[in-house]
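# Coordinates in review
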Amino acid sequence: MKMKRKIATLLVGVMCLGLAGCAKKEGYTVGICQLVEHPALDAATQGFKDALTEALGDKVVFDEQNAQNDSNTCSTIVNNFVSKNVDLIMANATPALQAAAAATNKIPILGTSVTEYGVALGIDNFSGTVGGNISGTSDLAPLNEQADMVKELFPDAKNVGLVYCSAEANSQYQVDTVAGYLTAMGYTCKYYAFSDSNDISTVVTNAAAEMDVLYIPTDNTAANNTEIINNICKGKIGIVAGEEGICAGCGVATLSISYYDIGYATGKMAVKILTEGADISKMPIEYAPKFTKKYNPELCEALGIKIPDGYEAIQ
Amino acid sequence: MNIFNLINALPGAVAQGLIWGIAAIGIYITYRVLDIADLTVDGSLGTGGAVCIVMMLSGHNVYVSLLVATLAGMCTGLVTGILHTFMGIPAILSGILTQLGLYSVNLKIMGKSNQAINVDKFDLLVSLRYIRDVVFYKNTILVVLVITLLLVAILYWFFGTELGCSLRATGCNGNMARAQGINTNFSKVLGLMISNGLVGLSGALLSQYQGFADIQMGRGAIVIGLAAVIIGEAVFGKVFKNFALKLIAVAFGSIIYYFVLQIVIWLGIDTNLLKLLSAIVVAIFLAIPYWKAKYFSKPASKKEVKTNA
């Protein structure tokens, strides 16, 4: 009995401490929900935090959570943010944004590393502004310019293989769009989808044998497995990649966006919302401020490709 | 680190736990009643979600969508059952095969890997949004609780009928059941169908709750479900002896699992350790009954504990 009373006293004590910590602090709390550890997404989160810290200094506190590539965990994390009543939620990647959108229509949500907001949120006739409590930045690099790049670097090719992970909605959207441009230019396109990292080698081996050139969009699974792809393709077939990470690992050239930049742009939007009282429902989705044509010198040399002017080498 | 934040976050954890609890009850039926480790669930959860979202997007009523999602889940169980009984493939492999095949099926159902449903445009039954500031009868926790109790009542009735008893007999002692004239193959297929039907329903509710169906949403479902079954048994096993109460214990187990997860996030522990922590939680709850039997029971009750486990 005595023991029980002691425990009870202890518990009450702990709760009082909790109450004491409850006093409202000056400044802003920003919840960050990132889908998975991944160089591109990490860079976007870093850019976001840098922009906010530059503008607000110590007045902003980040609650950074990573869902370990489990969409259910996104819901748990976002639920935690909503109950803490954070001032703003930053959702990094599509499932994080979807979970946040389902969780609240009051707390402002900024997305980043999301390719198509209309697709991600199920909006018909998407006009560029989501409305409500959602806005953000897109990681879409102009897909028609990527198609032009294929033509510029591989003028003799006829068949283009589109390699991507079937589990990623963003990749599906990009290959569909690029296939449209390439077909209009007279190329024959074939889809090579893999379901997870276990299928990559089989699918890519097939693609490398059958096609003249490959294209890989901003695909998270491909980005994590560039080594396998490179082992199969190096010196045999050229790959045009959707982002710099993939290009550095296995690609010949890319039209690169910086995830740090779009993260930074998201951070600036957050500053406007938090300090200047900007209306998030009227803020259109922003895109990367600049695109750079980059090439991978080692792999270009292995294939004997001459890179035209205007490309930067990837270090 | 504010205790009120945690308390505020608990309703969300309860709702998520209850939804997973329905899947866990399904897993209980195969794992405990039929004594089959059925890995179909990793696929059938996604099937339920995909079917429900696609049905709703094409303009069907939410209840019809849930029903069809449940039926789709039952079909996946039927496939596993046929692989196991008619084609003689070991149960665990049949489940893995179905789960593997369902990846493609789910992809074809949705047409892409991730399909969103907008809570503002569709009349969803449950949503992460409907936890705070809604009229009480729309509250997700209440809605899922009612569904769970309804399901438990139906299952309790069913497992009391002759057919249900034959199902339980099949799991207890297949040879004896056959000797009594029970078609054990039929029982197994039926059990797998009921189980995956429940998992499909859970997936349908889950996709509404989180606002999207995703090709990856079922990944690891079997672990969460087994965790719920085991936690429920470890915590309530001594008190809940009745079959209906055992099913409810499983749902509670699922809630406890999400409580622990929410506390981990609230404590601000590095989320990179989340999977390891989940594994540790399940391992501890698995070990509790074993330790109890080994170190803390008197010799007389030792036998009883063993037969219960």
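The rules we used
Residue positions are counted from 1 within each chain, in the order its sequence is given. Whichever chain is written first is A, and whichever ligand is written first is 1; the rest continue in order. Only residues with pLDDT of at least 70 are given local features in this predicted model, and only at 80 or more are side-chain atom pairs given and counted; all residues enter the totals for whole chains, interfaces and linings. Heavy atoms throughout the structure, all of them, feed into the side-chain values; hydrogens and water do not. Numbering of helices and strands runs from the N terminus, with a helix taken as a DSSP run of H or I at least four residues long and a strand as a DSSP run of E at least two residues long. Put simply, the radius of gyration uses C-alpha atoms, and a globule should come to 2.2 Å times the residue count raised to 0.38. A 1.4 Å probe rolled over the protein chains alone gives each residue an accessible area, and that area as a share of the maximum for its type sets the label: buried under 20%, exposed over 50%, partly exposed in between. In what follows, residue pairs with any heavy atoms lying within 4.5 Å of each other are defined as contacts. To be clear on the numbers: accessible area is Shrake-Rupley with a 1.4 Å probe, and residue cover counts the displayed protein chains and nothing else. His is not counted here, nor are the chain ends, while Lys and Arg score as positive and Asp and Glu score as negative. In this description, the location of a charge corresponds to atom NZ of lysine, CZ of arginine, CG of aspartate or CD of glutamate. Buried area: the sum, over both parts, of the accessible surface (1.4 Å probe) that disappears when the two are put together. Here a salt bridge means any side-chain nitrogen of Lys or Arg lying within 4 Å of a carboxyl oxygen belonging to Asp or Glu. Pairing of N or O atoms within 3.5 Å defines a polar contact, subject to two protein rules: one partner must be a possible hydrogen donor and the other a possible acceptor, and residues neighboring in sequence count only if both atoms are side-chain atoms. Each residue gets one of three labels, nonpolar for Ala, Val, Leu, Ile, Met, Phe, Trp, Tyr, Cys and Pro, charged for Asp, Glu, Lys and Arg, and polar for the others, Gly among them. Strand pairing requires that DSSP identify at least two bridges connecting the strands. Note on geometry: axes are lines fitted to C-alpha atoms, helical ones only across the stretch in contact, with angles between N-to-C directions running from 0 to 180 degrees. Our angle categories are set so that under 35 degrees counts as roughly parallel, over 145 as roughly antiparallel, 65 to 115 as roughly perpendicular, and the remainder as oblique. Left-handed describes a crossing whose near helix is turned anticlockwise from the far helix through less than a right angle; right-handed describes the clockwise counterpart. Each aromatic pair joins two rings of Phe, Tyr and Trp (for Trp, the six-membered one) with centres within 6.5 Å, and gets the label stacked for planes under 30 degrees apart, edge-to-face for over 60, and tilted for any other angle. Only Lys NZ and Arg CZ are tested; either one counts as a charge over a ring when it is within 6 Å of the ring centre and within 35 degrees of the ring normal. Note on patches: the residues involved have over 30% relative accessible area and no salt bridge, like charges join within 9 Å, and the nonpolar side chains Val, Leu, Ile, Met, Phe, Trp and Tyr join within 5 Å. One confidence number per residue, pLDDT, is output by the predictor and ranges from 0 to 100.

With that out of the way, let us pick up the overall build of chain B. The helix and strand inventory of chain B stands at 12 helices and 2 strands. Ordering the α and β elements of chain B from the N terminus gives α-α-α-α-β-α-α-α-α-β-α-α-α-α. Taken over the C-alpha trace, chain B has a radius of gyration of 19 Å; the compact-globule value for 309 residues is 19 Å, and the two agree within 12%. Taking the principal axes of the C-alpha coordinates as reference, chain B spans close to 55 × 45 × 35 Å. Residue burial in chain B is summarised as follows: out of 309 residues, 55% are buried. A sequence separation of at least 24 residues applies to 75% of the contacts in chain B between residues at least 6 apart. Accessible area of chain B: about 13800 Å², with a carbon and sulfur share of 69%. Within chain B, one finds 21 positive and 11 negative side-chain charges whose respective centroids are separated by 9 Å.

Below, the discussion takes up the interface of chain A and chain B. Interface size is commonly expressed as the accessible area that is lost once the parts come together. Listed per partner, the contact involves 42 residues of chain A and 43 residues of chain B. Across the chain A to chain B interface the summed buried area is about 3600 Å²; carbon plus sulfur atoms make up 49%. The largest contributions to the chain A side of the interface with chain B come from N72, T76 and N79 of chain A, which together make up 16% of the buried area. Where chain A meets chain B, there are 0 salt bridges. On inspection of chain A and its partner chain B, the count reaches 16 residue pairs in polar contact (both at pLDDT 80 or more). When residues of the side of chain A that touches chain B are traced back to their parent elements, those giving at least two are α1 (2-20), β2 (60-66), α3 (71-84), α4 (94-103) and α5 (117-121) of chain A. Considering every element that reaches the side of chain A that touches chain B, the biggest residue donor is α3 of chain A, with 11 residues. Along the lines of polarity and charge, the residues of the side of chain A that touches chain B split into 16 nonpolar, 20 polar and 6 charged.

This paragraph deals with the sheet that holds strand β12 (residues 312-313) of chain A. All names here are of chain A. With respect to topology, 7 strands assemble into an open sheet ordered β7-β6-β8-β9-β10-β11-β12, the strand pairing being mixed. The open sheet has two edge strands with one neighbour each: β7 (188-194) and β12. Alignment of strand β9 (residues 238-241) against strand β10 (residues 253-256), held across 2 bridges, turns out to be parallel. When the bridges of β10 are listed, V240 appears paired with A253. Helix α8 (residues 200-210) contacts β6 (159-165), β7 and β8 (213-216) of the sheet and is inclined by roughly 165° relative to β7.

Below, the discussion takes up the packing of helix α2 (residues 41-57) of chain B against helix α8 (residues 184-210) of chain B. Residues and elements named next belong to chain B. Put simply, α2 and α8 touch, their axes get as near as 7 Å, and they point 55° apart. Classified by the angle their axes make, α2 and α8 are oblique. Note on packing geometry: the crossing formed by α2 with α8 is right-handed. Where α2 abuts α8, its residues V41, S44, L45, G48, G49, C52, I53 and M56 lie against N196, V199, G200, S202, G203, A204, L206, S207 and Q208. Tallied by class, the residues present in the contact of α2 with α8 amount to 8 nonpolar, 9 polar and no charged.

All names here are of chain B. Contact geometry for helix α5 (residues 140-158) and α8: axes closest at 13 Å, N-to-C directions at 175°. Our classification of the angle between α5 and α8 gives roughly antiparallel. Between α5, through T140, I147, L151, L155 and F158, and α8, the contact on the second element is made entirely by L190, I194, L198, L201, L205 and Y209. Of the residues assigned to the contact of α5 with α8, the class counts are 10 nonpolar, 1 polar and no charged.

Residue and element names in this part refer to chain A. In spatial order, the strands read β2-β1-β3-β4-β5; together these 5 strands make up an open sheet with parallel pairing. Sheet topology places β2 and β5 (134-138) at the edges, where each strand pairs with a single neighbour. The average angle at which neighbouring strand axes cross in this sheet is 20°, direction not considered. Pairing of strand β1 (residues 28-34) with strand β3 (residues 88-92), which is carried by 5 bridges, proceeds in the parallel orientation. Each bridged residue has a counterpart across the sheet, and for C33 the counterpart in β3 is A91. Together, β1, β2 and β3 form the strand contacts of α3, whose direction differs from that of β2 by roughly 160°. Across the face of the sheet, helix α12 (residues 259-275) comes into contact with β1, β3, β4 (109-114) and β5 while running at roughly 170° to β4.

Moving on, we come to the packing of aromatic side chains. For the coordinates displayed, the defined rule picks out 9 aromatic pairs over all chains. For the ring pair Y164 of chain A and Y191 of chain A, a centre distance of 6.0 Å and an interplane angle of 80° mean the geometry is edge-to-face. Here the residue Y164 of chain A occupies a position in strand β6, and Y191 of chain A occupies one in strand β7, the gap between them amounting to 27 residues. Judged by centre distance (5.8 Å) and plane angle (85°), the ring pair of F136 of chain B and Y137 of chain B falls under edge-to-face. In this pair, the class of F136 of chain B matches that of Y137 of chain B, namely exposed. An aromatic cluster is present here, built from Y28, F158, F159 and F243 of chain B joined pairwise through their rings. Looking at R168 of chain B, its charged tip hangs above the ring of F243 of chain B, at a distance of 5.3 Å from the centre.

Residue and element names in this part refer to chain B. On the surface, R168, K238, K241, K246 and K292 cluster together to form a positively charged patch. Structurally, the position occupied by R168 is in helix α6 (residues 162-172). With a relative accessible area of 33%, R168 lands in the partly exposed category.

Further remarks concern the confidence of the model for chain A. Residues and elements named next belong to chain A. Per-residue pLDDT for chain A averages 87, and the proportion of residues at 70 or more is 92%. Per-element averaging of pLDDT across chain A places α1 at the bottom with 51 and β3 at the top with 95. Counting contacts from residues 15-24, a segment whose pLDDT is below 50, to residues more than four positions away or on other chains yields 6 contacts.

Glancing now at the side chain of T254 of chain A. Residues and elements named next belong to chain A. Turning to its location among the elements, T254 is positioned in strand β10. For T254, a relative accessible area of 0% corresponds to the buried category. Side-chain polar atoms of T254 contact the backbone oxygen of A241, separated by 2.7 Å. If sequence neighbours within four positions are ignored, T254 has contacts with M149, A241, G242, E243, E244, C247, T292, K293 and K294.

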